[in-house]
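# Structural features, examined
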Amino acid sequence: MGDSSVRSATDYFERGISNFEQKNYYQALEDFTKAIELKNAELGAMYHQRGKVHHLRENYEAALDDYEKAIACDSTKAEYYMALGEIQCIKKNYSAALANFNKALELDPNKAAELNAEYYFVRGISYQSQGDWYVAIVDYSRAIDLGLKNAECYSKRGELYFGHKNFDGAIADFTRAVEIEAAYAWEIKPKLAECYRRRADGYLSNGNYGSAQKEYAKALELDANLFAKINLKLAECYRRRGDEDFNRGDYDAALENYTRAIKLDPSLSAKINPKLAECYRRRADDYLSRGNYDAAQKDYAKALELNPELAKKISPMLADFYHKRGSEYFLQKNYDAAIEEYTRAIEINPTNAGYYVSSGDAYCALGEYELALADYTEAVGLEPKNAVYLKKRGEVYYAQENYDAATADFLKALELSPELAAEINPALANCYTWRGNTYFDYGNFNAALKLYAKVFELDSTNAELYFRRGNIHLIQKSYSAAVADYTSAIELDMMNAEYYKNRGDAYYALKNFDAAVSDYSDAIELEPKLAKTLLKYILPGKK
C-alpha cells in the first residue's frame, strides 16, 4: 500500500503492523508515529506498537515512554503493563517491574503463563531486598524451573546459597551463570569475572584452595581490577581479630585491626562501624575516668561520627565537665572561653536546655544579642514551660527593642511562674509603656490608654506616664480625668513645669480659673520661659 492510499491513523497503524511483522522496523516506526500524530480512539494501541519497535531496536528509554503513554491512554490493557514491566526489568527497576506485572495479572490472570518466569525472578529480587532470603530462593528456583535462562537469576540465587553456607549450591549457580554469560564475554567481562570470583570464594570456603586459585586467576584474567576484592578474605581476618580484641576489652588493638580491615575492604564499614564506634566510646569512657578530657572528647566525636545513635549512650559526665568549666570562665568574665566550653557541652549533649541558657548568658554579656536569642530559643524549644528561660529570652527581645516579642515571653513566664513578677514587671511595664507611647504618637489614643492602664497595674510610680495619659484626657476633653492624672504626676515629680502648665490648661477648660492661675504661676516659677505664653492668663482681666 503506497502513501497515496493512506488516509487515516488506522491506515498508518495497519501498515505499521504489517511492516512490524515483516521486521521492517524502521518503516514500522515511521508508520506508528504518523498514526499517533493523527490520533484516534486506538491511540493506546499505537503507542504500544511503537514501543515494541523501540524495544526490539533496544531504544529502551523511548520504549518505556511509549508504554507509559499507552497505559495513560488505556489503563485496562494487561499487555501494556506486561510490556512496561519487561522494559523495567531490562533497566533493572525491579520493584516497578513487579508492580506492573502484578497489575497485568490483576487485569488478565491468563497472562500468568506468559510472564511466569520473569515474574518469579523479579519477585525474588523484591523478597531478597526485603531480607526474605528463603522465599527469594524459592522464587528464583521457580523462575529457573520455568525455563528462565538468566545469569543474574542464577547469580542471585548463588549469592543467597553462599550467604547460607550452601557452597555446593552456590558453586553450581555461579558456574551456570558463567556458562550463560560466557557467550557475551566481550560485553560482560566484569560480571563474568565476578562469577569466577564468587565461585572461587565458594571453593575457598570449602577449603578447596587449588580450585579457588584457578578461579581467581580466571577472574583476574578477565578483570584485573578485581585484585582488590580478592583481599576481602584478608580484610575478614582483621575483622575477626578485631572482634576478639573487642571482646577482651583491648580497644586499642581492636581499633587497629578494624581500621586495617576497612582499609582493605571499605564495603565492610557497614558491618564494622557499629563496633568501631563502640570501641571509641568505651575508650573515651576510660579516658574520661582518668581525667583525660580532650582525648575523651576526640573519641566521643569519632564514635558519634560513625554512629550518631550512640549519642544517648555517651556519658553525660563529659558534657557536664565542659559546662562546669565554662561556668568557671564565665565567673572570671572570660566570656569567649566560656562560650567555647558551653559549645562543646552542647555538641556532646544537644538536648540539655541548661547548656544553651548558659551559652546565651555569655553571649548577652558580650552584647551578642542575636546569638544569645538563638541559644535561648533552643532552650525554650527544649523546655517550653520553663519560665526562667522565657524571661531570659524576653529580656533579649527587650534589649533589641522588640517589645511585642518581649511582652509575649514575659506574659508566658508570669503565667507559668507568678513569683517572677518582681523580676519581670519593670521590664514588662516598660514594654507596655513603649507600645502605648507608639500608639500615642500615631494618635491612637484609645489603644494607648489600654496599654497605660496595664502599666499602672504593674507600676503606679511613673510620673511621665500619668502626664501622657493626662494629655490624652485633655485632648479628648475629659478635663476632670486630666486633672487627676496631672495631679498624680505632680505628686511624683513636683519640679516639672510642664505638669503644672498642663493641669492649669485642664483647670482653665473647667473654668476653675483660680486653680489654673495657681498652676500657671508654679509653672513659670519652675520654667521662666513659659511666662511669655502663660502671663496673659495670670494678669488681671485676662481670664
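As a reminder, the structure under discussion sits directly above these lines.
The following paragraphs examine the structure supplied in this document. (Residues numbered from 1 in each chain as written. Predicted model: local features only at pLDDT ≥ 70, side-chain atom pairs only at ≥ 80, totals over all residues. Heavy atoms only, no water.)

## Focus on the overall build of the chain
Formally: Helix and strand assignments come from DSSP, with helices taken as H or I runs of at least 4 residues and strands as E runs of at least 2, each series counted from the N terminus. Each residue gets one of three labels from its accessible area relative to the maximum for its type: buried under 20%, exposed over 50%, partly exposed in between, using a 1.4 Å probe on protein chains only. By definition in these notes, contact holds between two residues if any of their heavy atoms fall within 4.5 Å. Surface exposure here means Shrake-Rupley accessible area, sampled with a 1.4 Å probe, where a residue is shielded only by the protein chains that are shown.
The helix and strand inventory of the chain stands at 30 helices and zero strands. Split into buried and exposed, the 543 residues of the chain put 46% on the buried side. In the chain, the share of contacts with a sequence separation of at least 24, taken over all contacts with a separation of at least 6, comes to 44%. When the accessible surface of the chain is totalled, it reaches about 28600 Å², and 49% of it is carbon and sulfur.

## Thoughts on the nonpolar core
Rule in force here: To define a nonpolar core, start from buried Ala, Val, Leu, Ile, Met, Phe, Trp, Tyr and Cys residues and group those joined through side-chain atoms within 4.5 Å.
Core analysis: the largest hydrophobic core is formed by 54 residues, its most contacted members being Met46, Phe101, Phe121, Val122, Tyr140 and Cys153. In terms of residues, this core owes the most to one element, helix α5 (residues 78-90), which gives eight residues. Not counting residues up to four positions away in its chain, the partners in contact with Tyr140 are Phe121, Gly124, Ile125, Gln128, Cys153, Lys156, Arg157 and Leu160.

## Regarding the pattern of salt bridges
Our working definition: The working definition used for a salt bridge is a side-chain nitrogen of Lys or Arg within 4 Å of a carboxyl oxygen of Asp or Glu.
All told, the structure shown has 20 salt bridges when counted by the stated rule. For Arg15, the salt bridge goes to Asp31, with nearest N and O atoms at 2.7 Å. One end of the pair, Arg15, is in helix α1 (residues 9-21); the other, Asp31, is in helix α2 (residues 25-38), and 16 residues separate them in sequence. Classification of Arg15 by relative accessible area gives buried; the value is 11%. Classification of Asp31 as buried rests on a relative accessible area of 0%.

## A few points about helix α29 (residues 513-526)
The condition is simple: Every helix has an expected span of 1.5 Å times one less than the residues it contains.
A rise of 1.5 Å per residue sets the reference length of α29, with its 14 residues, at 20 Å; its end C-alpha atoms lie 20 Å apart and thus fit the reference within 8%. Among all positions of α29, only Ala515, Ala516, Val517, Asp519, Tyr520, Ala523 and Ile524 are buried. The elements touched by buried residues of α29 are α28 (497-509) and α30 (531-538).

## Looking at the packing of aromatic side chains
Just so we agree on the cut-off: When the centres of two rings from Phe, Tyr and Trp lie within 6.5 Å, Trp using its six-membered ring, the rings pair. Their planes under 30 degrees apart give stacked, over 60 give edge-to-face, and anything left gives tilted.
In this structure the tally under the stated criterion is nine aromatic pairs. Relative to Tyr140, the ring of Phe121 has its centre 6.2 Å away and its plane inclined at 45 degrees; by these criteria the two rings are tilted. With a gap of 19 residues between them, Phe121 in helix α7 (residues 112-129) and Tyr140 in helix α8 (residues 133-145) connect regions that are remote in the sequence. On the basis of relative accessible area, Tyr140 is assigned to the buried category, the value being 0%. Note on Phe467 and Tyr486: the rings are 5.9 Å apart at their centroids and 45 degrees apart in plane angle, and the pair reads as tilted. Here Tyr486 lies in helix α27 (residues 479-492) and Phe467 lies in helix α26 (residues 463-475), a separation of 19 residues in the sequence. Each member of the pair, Phe467 as well as Tyr486, is classed as buried. An aromatic cluster of at least three residues, connected via ring pairs, comprises Tyr94, Phe121 and Tyr140.

## Looking at the packing of helix α18 (residues 316-331) against helix α20 (residues 353-365)
We apply this condition: Axis lines are fitted through C-alpha atoms, for helices just across the contact stretch, and the angle between N-to-C directions can take any value from 0 to 180 degrees. Any angle that is under 35 degrees is reported as roughly parallel, and any over 145 degrees as roughly antiparallel; angles of 65 to 115 degrees are reported as roughly perpendicular and all others as oblique. Should the near helix be turned counterclockwise from the far one by less than a right angle, the crossing is left-handed, whereas a clockwise turn marks it as right-handed. Residues were grouped as follows: Ala, Val, Leu, Ile, Met, Phe, Trp, Tyr, Cys and Pro as nonpolar; Asp, Glu, Lys and Arg as charged; and all remaining residues, including Gly, as polar.
Put simply, α18 and α20 touch, their axes get as near as 11 Å, and they point 20 degrees apart. Here α18 lies roughly parallel to α20, going by the angle between them. Taken as a pair, α18 and α20 cross one another with a handedness that is left-handed. Contacts between α18 and α20 involve Ala319, Asp320, His323 and Phe330 from the first element and Gly354, Tyr355, Ser358, Asp361 and Ala362 from the second. Of the residues contributing to the contact of α18 with α20, the split by class is four nonpolar, three polar and two charged.

## Considering the side chain of Asp299
Mapped onto the elements, Asp299 comes out in helix α17 (residues 293-306). Assessed through its relative accessible area of 3%, Asp299 is described here as buried. Beyond its immediate stretch of four places on either side in the chain, Asp299 contacts Tyr280, Arg283, Ala284 and Tyr287.

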